[in-house]
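# Understanding the architecture of this molecule
Residue-level listing of the chains:
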Amino acid sequence: MTILRARDREPAATPARCQAQAWTMASSWRCAWTRWSPPSTRSAEVPAGSSCARVSWKEGPPPAWVVKQCVRIPVFVMIRPRGGDFLYSDREVEVMKADIRLAKLHGADGLVFGALTEDGRIDTELCTALLAVCRPLPVTFHRAFDMVHDPLVALETLISLGFERVLTSGCDSSALEGLSLIKRLAEQAKGRIVVVPGGGITERNLQRILEGSTASEFHCSARSARDSGMKFRNPNVAMGASFSAPEYSIKVADVAKVRTLNAIAKNIL
């Protein structure tokens with residue numbers, strides 16, 4: 001799948017700030033960063049994966065249709081009006097609904113979102129409303145799941161709501177750390193929902209995670225840094241918060257990593 005993310009520092013009031021994900025209908029969600037990633041995804045000629053890019057609404061065309069012009073895999077659009085928690089205001093909900101409609105209008109093949117209540121439970125009322133706008137497209141609940149109070153109860157809630165997939169690190173800092181819970185969730189799901197491990201997955205730990213979780217799909221970044229072509233550089237200015245990525249380093253899809261990851265997955269799955 002391919003994920004294109006709107007900048008979290010952008011205000012939430014304007015519709016159509018969405019994140020796009022392209023699903024490959026195979027075993028992995030492969031993430032790479034920047035809007036130049038999709039062509040790399042195509043050239044890798046892999047049957048599974050996703051590519052992920054940070055693209056702000058003001059920097060160019062909205063991601064969903066940009067990606068669809070570059071790849072021949074289904075594109076899932078992530079709906080997230082801002083960074084931070086997953087407790088949304090009424091205004092943010094309206095933005096999310098507008099983003100969903102816009103994504104569908106421009107050919108999205110699926111949607112991805114997550115919403116919680118203040119006490120860390122799945123917001124069933126909001127999810128039901130958003131799912132209604134998403135249909136008939138398939139929908140994935142993203143890693144908001146990792147912030148729930150009781151993941152086993154939350155999984156049953158997602159199943160009853162009709163989500164097709166849930167992306168999770170096992171409610172831990174990485175999928176490797178949360179491996180035991182991911183396995184428990186997959187066993188509990190019994191095919192009623194696809195549990196997709198994600199978070200810190202690399203070619204070094206993928207085999208262990210797939211074998212240890214019994215998962216048939218996974219999510220990873222498969223990215224590397226590319227140095228900027230800028231010759232003049234101002235080291236005193238950062239375009240965003242102090243924790244922002246370096247101004248002169250660009251995250252891109254790493255085709256070699258993608259091929260390695262898919263080779264590992266093929267041997268296991």
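The model shown is predicted, which means the values in this text are computed figures rather than measured ones.

Quick notes on the rules
- Residues numbered from 1 in each chain as written.
- Predicted model: local features only at pLDDT ≥ 70, side-chain atom pairs only at ≥ 80, totals over all residues.
- Heavy atoms only, no water.
- Helix = DSSP H or I, 4+ residues; strand = E, 2+ residues; numbered from the N terminus.
- Buried < 20%, exposed > 50% of the residue type's maximum accessible area, 1.4 Å probe, protein only.
- Contact = heavy atoms within 4.5 Å.
- Core = buried A, V, L, I, M, F, W, Y, C linked by side-chain atoms within 4.5 Å.
- Polar contact = N/O pair within 3.5 Å; in protein donor to acceptor, adjacent residues only side chain to side chain.
- Disulfide = S-S within 2.5 Å.
- Phe/Tyr/Trp six-rings, centres within 6.5 Å; stacked < 30°, edge-to-face > 60°.
- Expected span 1.5 Å × (residues − 1).
- Axes fitted to C-alpha atoms, helices over the stretch in contact; angles between N-to-C directions.
- Parallel < 35°, antiparallel > 145°, perpendicular 65-115°, else oblique.
- Left-handed = near helix turned anticlockwise from the far one by under 90°.

### Some points on the overall build of the chain
- In terms of regular secondary structure, the chain is built from 8 helices and 12 strands.
- By residue count, 52% of the 269 residues in the chain fall in the buried class.
- Of all intrachain contacts in the chain linking residues separated by at least 6 positions in sequence, the fraction that spans at least 24 positions is 70%.

### Regarding unusual backbone geometry
- Between Arg135 and the following residue, Pro136, the backbone shows a cis peptide bond with an omega angle of 15°.
- Among the secondary structure elements, Pro136 is positioned in the loop between helix H4 (124-134) and strand E7 (139-141).
- Phi at Cys171 takes a positive value of approximately 55°, unusual for a residue other than glycine.
- Mapped onto the elements, Cys171 comes out in the loop between strand E8 (165-168) and helix H6 (179-189).
- For Thr214, which is not a glycine, the phi torsion comes out positive at approximately 65°.

### Things to note about the nonpolar core
- Within the largest apolar cluster, 52 residues are counted, with the highest numbers of intra-cluster contacts made by Phe113, Phe141, Leu155 and Phe163.
- Per-element accounting of this core gives the leading share, 6 residues, to H4.
- Of all hydrophobic cores here, the second largest spans 5 residues; its members include Cys70, Val71, Ile73 and Val75.

### A few points about the environment of Val93
- Mapped onto the elements of the fold, Val93 is located in helix H3 (residues 90-105).
- Each C-alpha atom of the pair Val93 and Arg80 lies 9.6 Å from the other, and the pair is 13 residues apart in sequence.
- Among all residues touching Val93, those that are not within four sequence positions of it are Tyr88 and Leu126.

### Considering the side chain of Asn205
- When you line up the elements, Asn205 lands in the loop between strand E9 (194-197) and helix H7 (206-213).
- At 2.9 Å, the side chain of Asn205 forms a polar contact with the backbone nitrogen of Thr202.
- Those residues in contact with Asn205, other than ones at most four positions away along the chain, are Leu176 and Gly200.

### Re the state of the cysteines
- Overall, the coordinates contain 0 disulfides when judged by the stated rule.
- Here Cys127 stays unpaired: no disulfide links it, and the sulfur of Cys134, its closest cysteine neighbor, is 9.6 Å away.

### Points about the packing of aromatic side chains
- All told, the structure shown has 2 aromatic pairs when counted by the stated rule.
- Between Phe113 and Phe163, the ring centres sit 5.4 Å apart and the planes meet at 65°, which makes this aromatic pair edge-to-face. In this pair, Phe113 is assigned in strand E6 (residues 110-113) and Phe163 in the loop between helix H5 (151-161) and E8, connecting sequence segments 50 residues apart.
- Taking 5.3 Å as the distance between ring centres and 85° as the angle between the ring planes, the aromatic pair formed by Phe141 and Phe163 counts as edge-to-face. With a gap of 22 residues between them, Phe141 in strand E7 and Phe163 in the loop between H5 and E8 connect regions that are remote in the sequence.
- Overall, the relative accessible area of 0% leaves Phe141 in the buried class.
- Each member of the aromatic cluster is reached from another via a ring pair, and the members are Phe113, Phe141 and Phe163.

### Description of H3
- Taking 1.5 Å of rise per residue, the 16 residues of H3 would be expected to cover 22 Å, and the 23 Å separating its terminal C-alpha atoms lies within 8% of that figure.
- Every buried residue belonging to H3 is among Glu92, Val93, Val95, Met96, Lys97, Asp99, Ile100 and Ala103, and all of these are buried.
- Structurally, H3 contributes buried residues whose contacts are with strand E5 (75-78), E6 and H4.
- Residue Gly107 follows H3 closely and has a positive phi angle near 90°.

### Brief notes about the environment of Leu130
- With respect to the secondary-structure elements, Leu130 resides in helix H4.
- A residue is classified by how much of its surface remains accessible, and Leu130, at 0% relative accessible area, is buried.
- In the structure, Leu130 is positioned 51 residues away from Ile79 in sequence and 10.0 Å away in space, judged by C-alpha atoms.
- Ignoring any residue separated from it by four or fewer positions in sequence, one finds Leu130 in contact with Met96, Lys97, Ile100 and Phe113.

### Overview of the packing of H7 against helix H8 (residues 255-268)
- Close contact between H7 and H8 brings their axes to 10 Å; oriented N to C, the two are set at 30°. One way to sum up the angle between H7 and H8 is to call them roughly parallel. For the element pair H7 and H8, the recorded crossing hand is right-handed. Contact with H7, carried on its side by Leu206, Gln207, Leu210 and Glu211, involves Leu261, Ile264, Ala265 and Ile268 of H8 and no other residues of that element.

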